[in-house]
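Structural overview
Letter by letter, the chains look like this.
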Amino acid sequence: MSSKETVAMDIRSPSFEYEDYDSDTQNLLSHERTTKQHKQQQKRNWAFLAVNTFVLVLNIGLLLMISTPRAVTMAEDTPSVRLPHADWIAPAVQLQLQTYDDKFEIHGRYRGKPRPELEAAWADYVRRNFNTSTDYTLRVPKPGWTKATPNAILTEFQDEQGGIMGTFSYIHNIHCLKTIRQWMLPEYYPETRAQFPPTPETPIPRHIDHCIDMLRQSELCHADMTLLIFEWHEDDPHPVNIHHAPHICANPDKLERFLEEHTVPPIGPILKHPWTGTYNPAIYLVFWKKLTTFAGETPWPFE
């Protein structure tokens, strides 16, 4: 007899336990339901854990924000400091990173022994792209300005455009640097030493002393916070201060374009003495000679 016939006979036989078969099937189905419920519960547990973790991290972040000193908020609460002409000069100022030329052994256009290239480089600050000598005397919009000296009158241009005569502080500082440099080299610039002669009482003449202190105040005012890192060099027993770090600087091209647009040569009847109402050539003769000495240009043209 074959095995199939034997199984069939066994199933049909009264001795086959139908209740046991049904019980096994129900147990299997119950196990599958339990497994499925367990997996669903695990998913719910992970979701609950994720939500609670997020809430915990959020609370920690809020706690840190509350407990940390509010430096930014304090800065925002501080009244803003603005120049009275901040809106006017806004187009001229574009900040960029710039590295200084700090190498001792490299001499650029502004360093070294007096020579035509050096003179032209320094003169660029006062005559670049202009047909006439000027120290970048600017036509400043009049609104918002008040006189700084009692019994004084602001110097206004006497033409249709009007405005107030002024210049930028950094231009004055460059003038001071150039004057100090020339004063230190009397064999090359005897006219500068003659204009500011030292005396026993004032070994540093008043004008030179003024320039030095103005440069000191300017440096402290702007307080360049660029870090200058020290390095060890094999051939040097001491740490070397490294200056070639990036500084935040004004874009020189933007400044130059602004100066070109707003510069006015302070000569001729455009300026008149407010008390006499007249144009005095002698006053402008002194001013012109200062400009031409600084720029290395032609003498006073109205003589």
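Residues numbered from 1 in each chain as written. Predicted model: local features only at pLDDT ≥ 70, side-chain atom pairs only at ≥ 80, totals over all residues. Heavy atoms only, no water.

Structural notes on helix H8 (residues 206–222)
Between its first and last C-alpha atoms H8 spans 24 Å; for 17 residues at 1.5 Å apiece the expected length is 24 Å, and the two agree. Along H8, the positions that sit buried rather than exposed are Ile 208, Cys 211, Leu 215 and Ser 218. Taken end-on, H8 shows its buried residues confined to a sector of 85 degrees, consistent with a single buried face. Facing away from the buried side of H8 by over 90 degrees, the exposed positions are Arg 206, Leu 220 and Cys 221. In the stretch just after H8, Ala 223 is the one whose phi turns positive, near 45 degrees. (Helix = DSSP H or I, 4+ residues; strand = E, 2+ residues; numbered from the N terminus. Expected span 1.5 Å × (residues − 1). Buried < 20%, exposed > 50% of the residue type's maximum accessible area, 1.4 Å probe, protein only. Arc of directions from axis to C-beta.)

Re the packing of helix H6 (residues 169–183) against H8
Contact geometry of H6 with H8 gives a least axis separation of 9 Å together with a crossing angle of 135 degrees. With respect to their mutual orientation, H6 and H8 come out oblique. Of the two possible hands of crossing, H6 and H8 adopt the one that is left-handed. Contacts from His 172, Asn 173, His 175, Cys 176, Leu 177, Thr 179, Ile 180 and Trp 183 of H6 reach H8 at His 207, Ile 208, His 210, Cys 211, Ile 212, Met 214, Leu 215 and Ser 218. Grouping the constituent residues of the contact of H6 with H8 by class yields 9 nonpolar, 7 polar and no charged. (Axes fitted to C-alpha atoms, helices over the stretch in contact; angles between N-to-C directions. Parallel < 35°, antiparallel > 145°, perpendicular 65-115°, else oblique. Left-handed = near helix turned anticlockwise from the far one by under 90°. Contact = heavy atoms within 4.5 Å. Nonpolar A, V, L, I, M, F, W, Y, C, P; charged D, E, K, R; others polar.)

Some thoughts on the nonpolar core
Membership of the largest hydrophobic core is limited to 12 residues, which are Trp 88, Ile 89, Ala 92, Tyr 136, Leu 138, Val 140, Ile 164, Phe 168, Ile 171, Leu 255, Phe 258 and Leu 259. Contributions of two or more residues to this core are made by helix H4 (86–89), strand E2 (138–140) and helix H9 (252–262). No other element matches H9, which puts 3 residues into this core. If we skip the residues at most four places from it in the chain, Leu 138 touches Trp 88, Phe 157, Ile 164, Met 165, Gly 166, Thr 167, Phe 168, Leu 259, His 262 and Thr 263. With 7 residues, the next largest nonpolar core counts Ile 180, Trp 183, Ile 208 and Leu 215 among its residues. (Core = buried A, V, L, I, M, F, W, Y, C linked by side-chain atoms within 4.5 Å.)

Some details on the pairing of strand E6 (residues 246–250)
Only one face of E6 is buried: it carries His 247 and Cys 249, and the other face, with Pro 246, Ile 248 and Ala 250, is open. Here strand E1 (residues 95–99) runs beside E6; their pairing, made up of 5 bridges, is antiparallel. In the strand pairing of E6, Thr 99 is matched with Pro 246. (Pairing = 2+ DSSP bridges.)

Overview of the state of the cysteines
This structure, assessed with the given rule, holds 1 disulfide. The disulfide partner of Cys 176 is Cys 211, and the gap between their sulfur atoms is 2.3 Å. Judged by the torsion about the S-S bond (-70 degrees), the Cys 176/Cys 211 disulfide is left-handed. Taken together, the positions of Cys 176 in helix H6 and Cys 211 in helix H8 put the pair 35 residues apart, joining distant regions of the chain. With respect to class, Cys 176 is no different from Cys 211; both count as buried. (Disulfide = S-S within 2.5 Å.)

Overview of the pattern of salt bridges
Under the criterion given, the structure shown has 6 salt bridges. One salt bridge connects Arg 111 with Asp 101, and the closest N-O pair in it is separated by 3.7 Å. With Arg 111 in the loop between E1 and helix H5 (116–127) and Asp 101 in the loop between E1 and H5, the pair connects residues that are 10 residues apart, well separated along the chain. By relative accessible area, which is 26% here, Arg 111 ends up partly exposed. Residue Asp 101 is classed as partly exposed on the basis of its relative accessible area, which comes to 44%. Across the pair Arg 216 and Asp 213 runs a salt bridge whose closest N-O atoms are separated by 2.7 Å. Of the two residues, Arg 216 and Asp 213 both sit in helix H8, 3 residues apart, roughly one turn of that helix. Judged by its relative accessible area of 31%, Asp 213 is partly exposed. (Salt bridge = Lys/Arg side-chain N within 4 Å of Asp/Glu carboxyl O.)

Such coordinate-based values are descriptive only and should not be taken to indicate function.
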